[in-house]
Each structure stands twice: as structure tokens, then as C-alpha cells.
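Chain by chain, the residues:
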Amino acid sequence: MPHHEFECSSCIPERKSHAVVKGEGEDLTSCLPEGHLLTIPGTISERGCAYCGAKHVIGTPMKDAIHMSHGPVGCTYDTWHTKRYISDNDNFQLKYTYATDMKESHVVFGGGDLLKKNIIEAFKAHPTINRMTVYQTCASALIGDDMEAIARDVLKEMPDKDIFVCNSPGFAGPSQSGGHHKINIAWIHEKVGTVEPKITSDYVINYVGDYNIQGDCEIMCDYFKRMGIQVLSSFTGNGSYDELRSMHGAHLNVLECARSAEYICNELRVKYGIPRLDIDGFGFEPLSDSLMKVARFFGLEDRAQAIIDEETARWKPELDWYKKRLTGVKVCLWPGGSKLWHWANVIHEEMGVEVVSLYTKFGHQGDMEKGVARAQPGTLAIDDPNELEGIEAMDKLKPDVIFTGMRPGEVAKKRRVQYLNAHAYHNGPYKGYEGWVRFARDIYNAAFSPIHQLSGIDISRDPIATDKGFMTRKMISDVKLIPEEANVEGERPYTGDFDCVTKLRGKVYDPELSRNHEQAAV
Amino acid sequence: MSDEKVNMQIQSTQSARIMQMEDYIMKHCLWQFHSRSWDRERQNEGVLSKTKQLLCDEEVAKETPEDRCYWVDALSLTEAFRARFSWFAEMDKESIKVLIEKLKERIDYVTISGSLNKELTVARY
């Protein structure tokens, strides 16, 4: 096994099995790090907790519910300023944050009354919102507040409301992944099947495992709707509480993010017989293949092909412009979750980018299997890295850019490594054809930013040239290209709109596309 | 050339082809990576048996929703194999069947029996 030992972690021998270098000829029978285990004491993990996984990752993208944390106000940290799972109802779930604000006295005497008071207050403050999810935290779990009983009590007084109780305190799993598991299973057992769906098409899917980061989900749903497919629910990005209660009415589950949402798809398969189709929404070829697969399931191949042809013709020349300039750029792919494997191969194939390292903070071994399988030989794969290991990897691998979250991203900047936000994006969405070009543009802007040259100057010591102007990105990136390569007719940098999502809202789709005339004729 | 040498050459060609197909599956597909061994066994069997039928121009069952899922993944794989690996055009149907059966053995080994993923045998999700 090609394990990798970090110098900074040599005093913690257990860490060695959590990092591997994929050698030539290595496969998943010889090269896979340990994963999804409790963090080793002393390693200072950068993971989130199970409450974070349940609330901030899975639950809160649900747009038309009040999301109430029963615990200290600090547990609500990850809200509008860190998350970008937008919604088409004016971002209700991002703008308003609720916590019962438990104090020491509630821990001693119980927080049940406090929770009831807060639920009623919140519903009264938003009379048009009739749905709520209440999340347990470590504090309320440890004292054993019976949140289900309190919710039932409230519903006797407010029968037009509905409340989902999510028992996933911070300590409920080795990482936020434990919270993904708990909310998925709880939702299917308690809520799915409690509302009968309104079916408007002969082709109905649940789009599962997309959290609408900067509009990703809306982009994908636009493609489905253009094919005449009804997206009964989107789990949970831009998703509606009641639509998610009616998931049992779909013909097909289209799954995007494996681990976080695999549970609910498998349960829907067992309980309701709805099959699961795994897709990739990133990259021209994987996306085209995915759209065609969904279309084929329903017999709508021509419609998928029309979308693929139209979108490819519009956006491929722009992707090609970036690919020429990005070829050979070295990146660390440290996204934390599923983008580890969504991007590992396709950014290499479609943008020429070299992935030198990938990591996951909370992924299962199954997630890392996909990442390692798709990575090029020589890639360093790390499970649950800490800050020191991240720094050591950057110093050793010398990437041009790292794709990661805000906290490791800020560390990278201080090492003069450009950082691109892989969780919330810089200028997303990154899904869809246009989104993929936006991603390429963001990588390009990071890799060739003139700030690299300036950031290396110590103004207290180094001489500063006063006879030279600043270089532009293009002056740096095009220096390796011959003019014939650099100036191909039709190829150009991104020409889309600053906002490519809002215009999709309220778009009208031909209702005739939703009808299966062949079926009707029979 | 002796029979032994011919056999070795056939096996070497077969191994090289399986390696190419495995590389494609690992880099472009997702169906082989469900979370548990029992699920991976179903998936590998469902998709690769239909791929074999499609490559041999045989009838493929797609009446049930689950069969349709296997069929769409198999069709996508078949198209990719035919587009990328020109040697498929030169093969007869019996040889294709043998090749895909060997491919399935290899995928089962990489994703199930030889996999280092310790969660594959966990009884609950």
C-alpha cells in the first residue's frame, strides 16, 4: 500500500494510513486511504459536526421552511454569510436564522418550554410560512429535551403547520456525514408519503443531492424541464418542504451527490420501487451523457440531443479558449465532499488541468474510491487532513491553485497559492455547460492573476520597479502559446451574463412536452 | 507459431483490452460504486450483462424501471466502447461475450472482492 507519511504527523503513526500516493498501475485493491473514522485525537481535524451536516448541508437549502436550531446561538454560525444555496423565493432560508439560544439555566432546568415558545413566535412572525424543521444540537441532546413531544404539542395549537424534528446532535457521527445520514433516513421515514403529489407530466423525477449552490440546481432543472420532465422535488437545493414529502410519486430518482443522498434514494427504491440513476452534472461530456441517460429512461432522446447540440455549440468555443491556457496548471482538489470525484478526471480531460492532490474532510471510503479511481498516477489522496498537513502538501506539491473551502483557502493565500472556493464557488454556478465555462474562467483568473507577482514583493526590503507597468492575465497566460493557437476564430473568453440564473425563474415551458402521446394513443 | 504462443498472445491482447475498458469505467462511470457489496453485485451484473447483450446486438429487457436504468447505463457504455475502441468492430460475438465476462470478473474484483473499502460489508446504511 503506497501510504504517505506527513512529516508534521510523524508523531501520530495512525495518520499514515489516511494518505496515499496513487502510483503507476495502482488501483483500488492496492491504493485507498482509511476513511469515515473518528478523528484521531491530537490531529486537529477541520471537519464539521453531524449537526452541521444535517442542518447546514442538507436541511437548510429547503427554501420554504423555518429552520430552527434548538441550542446555543453559536451553533447557527454557518448561515447567509458562508452558504450560497440560493432559492427562488427571495432566499428566505438564507435571510432568516433561528435558534432557541439555550443558556446554562436551560441546560439545568430543561429547554422544552423555551423551544415551544420559540416555535410559536417564529410561526407568528412569518404567517405565510407553515413549515418548520427543528434541529437538535449537542446541548439539547445531552439534557434529553423531547423535541417530538414539543412539536406535537405546538401542532395541537397550530394544526395548519407541519414540523420535522431532526435528531442529529453534533456528536452523532464521526463528521458532518453522520448528519447527512440521519436527516436522509429521518425524512424518508417520517415525511415522505405524507403529501400526495400534483403530477403535471408523464415523466417525473426527483432530482436528489443538489444544494443549489449559486443556482446549480436551477440550471439542471431547466434542462429537465426543457425535455418535458417534471422535477417533483429537488433534494434539497431550492426544494419545497411539501414537494419533498411527496417524493414517492416520482418515476425515477436522479442522484447527483452520492454519499449525502444515497441513503434516501436507496430507501425510496426499497419502499416505493423507484429506481436510482447516478449522474454527473459537471463537464460537457459527463453532463451530455447524463442528460441523455435520463432522456433515454423516458424515451426522450431527441429532446436531450437538441439541448446537448445547442448548448455545446454555444459554449464549447469558450471552454476551448480556456483549455489552451489552463493546460498544465497544477491544482489541489480539496473540496471536502463530492466534487472530489465529480471533478477529478473531467477537469483534466476538458480543461487540461493537472490534479496533483485530492482530499476529503468527511467523505466515506466510497467517496475516496471514486476520487482515486478517477485521479491520474502521482496524485496524493488525503483523508481528513489538518492545517499542517495541508501546508506541507502545498509546499511539497507547489500547486498553482487550490480548490477548497474558505478556511483552508485563507491559509493557502498566505502561502501565495491562489484559492478557488469549491464549496460556495467564486462566480458560479459551475454546473451546466455555461457553468463549466464559468468555472474555467474562475480557474483562469486565479492561476494567472497578476497579484502573484506583487504578493511576492516585500515592500520593506525589495526594490520596486517604477519603469514597468502591471502585467495583465492574458500577457501571462498567452506567453506559452504561438499566435495560431492563441487566436482561433470563434474561440473567446466567457461572454455570458453576470447572473445566468435569475432569468430562468418564471420561464414558461411548453406543456405539450409533458405529454406522452404514444402512451395516450395506446 | 506454437499453440502456447498463440494462447499467450490472445491472453495478452485480452488483458490489454480489459485494462482499457476498466480505465474508461473507472474514470467515467458511477454505477459500479454503490455503497455496499450486495448493491455493487447487482449493479455490475445488471449493467455489464446488458452491455454484453447490446454489443452482441441481442434483445435487451427494459420493461421494469430497474431494467431501464441498467439499460441506459449499458447503452451509454456500449456507445463509448464502440467509439473509443475500434477493435470491437473486428470481434465476433462469441469473443465479445468472453471479453465482457472477463471484464465483469475484473470489475467485481476491483470494486467488491479486492476492494479495500471496509464499509462494503456493513449491514446497515
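Rules used throughout
- Residues numbered from 1 in each chain as written.
- Chains lettered and ligands numbered in written order.
- Predicted model: local features only at pLDDT ≥ 70, side-chain atom pairs only at ≥ 80, totals over all residues.
- Heavy atoms only, no water.
- Contact = heavy atoms within 4.5 Å.
- Buried area = accessible area lost by both parts, 1.4 Å probe.
- Salt bridge = Lys/Arg side-chain N within 4 Å of Asp/Glu carboxyl O.
- Polar contact = N/O pair within 3.5 Å; in protein donor to acceptor, adjacent residues only side chain to side chain.
- Helix = DSSP H or I, 4+ residues; strand = E, 2+ residues; numbered from the N terminus.
- Nonpolar A, V, L, I, M, F, W, Y, C, P; charged D, E, K, R; others polar.
- Axes fitted to C-alpha atoms, helices over the stretch in contact; angles between N-to-C directions.
- Parallel < 35°, antiparallel > 145°, perpendicular 65-115°, else oblique.
- Buried < 20%, exposed > 50% of the residue type's maximum accessible area, 1.4 Å probe, protein only.

Caption draft 1: Layout of the interface of chain B and chain A. Taken together, the contacts link 34 residues of chain B with 44 residues of chain A. Summing the contributions of chain B and of chain A, the shared interface buries around 3,300 Å²; its carbon and sulfur component is 50%. Across the contact surface, chain B and chain A share 7 salt bridges. Along the contact surface separating chain B from chain A lie 21 residue pairs in polar contact (both at pLDDT 80 or more). Put simply, the parts of the chain that give the side of chain B that touches chain A at least two residues each are α1 (3-28), α2 (37-55), α3 (65-84) and α4 (93-113) of chain B. In terms of residue count, the dominant contributor to the side of chain B that touches chain A is α3 of chain B (11 residues). Residue composition of the side of chain B that touches chain A, by class: 14 nonpolar, 7 polar and 13 charged.

Caption draft 2: How the structure looks around the packing of helix α11 (residues 284-298) of chain A against helix α12 (residues 301-326) of chain A. Residue and element names in this part refer to chain A. In the contact formed by α11 and α12, the axes pass within 9 Å of each other and the chain directions differ by 170 degrees. Taken together, the axes of α11 and α12 are roughly antiparallel relative to one another. Between α11, through F284, S288, L291, M292, A295 and R296, and α12, the contact on the second element is made entirely by E301, A304, Q305, I307, I308, T312, W315, K316 and L319. Residue composition of the contact of α11 with α12, by class: 9 nonpolar, 3 polar and 3 charged.

Caption draft 3: Structural detail: the pattern of salt bridges. Residues and elements named next belong to chain A. Under the criterion given, the structure shown has 53 salt bridges over all chains. Put simply, E157 and K116 hold a salt bridge, and the shortest N to O gap is 2.8 Å. Of this pair, E157 sits in helix α6 (residues 147-157) while K116 sits in helix α4 (residues 112-125), and the two are 41 residues apart along the sequence. Residue class for K116 comes out partly exposed when judged on its relative accessible area of 21%. Linking D462 and R461 is a salt bridge whose minimum nitrogen-to-oxygen distance equals 3.1 Å. Using a relative accessible area of 61% as the deciding quantity, one classes R461 as exposed. Connected via shared salt-bridge partners are R131, D162, K191, D242 and R245.

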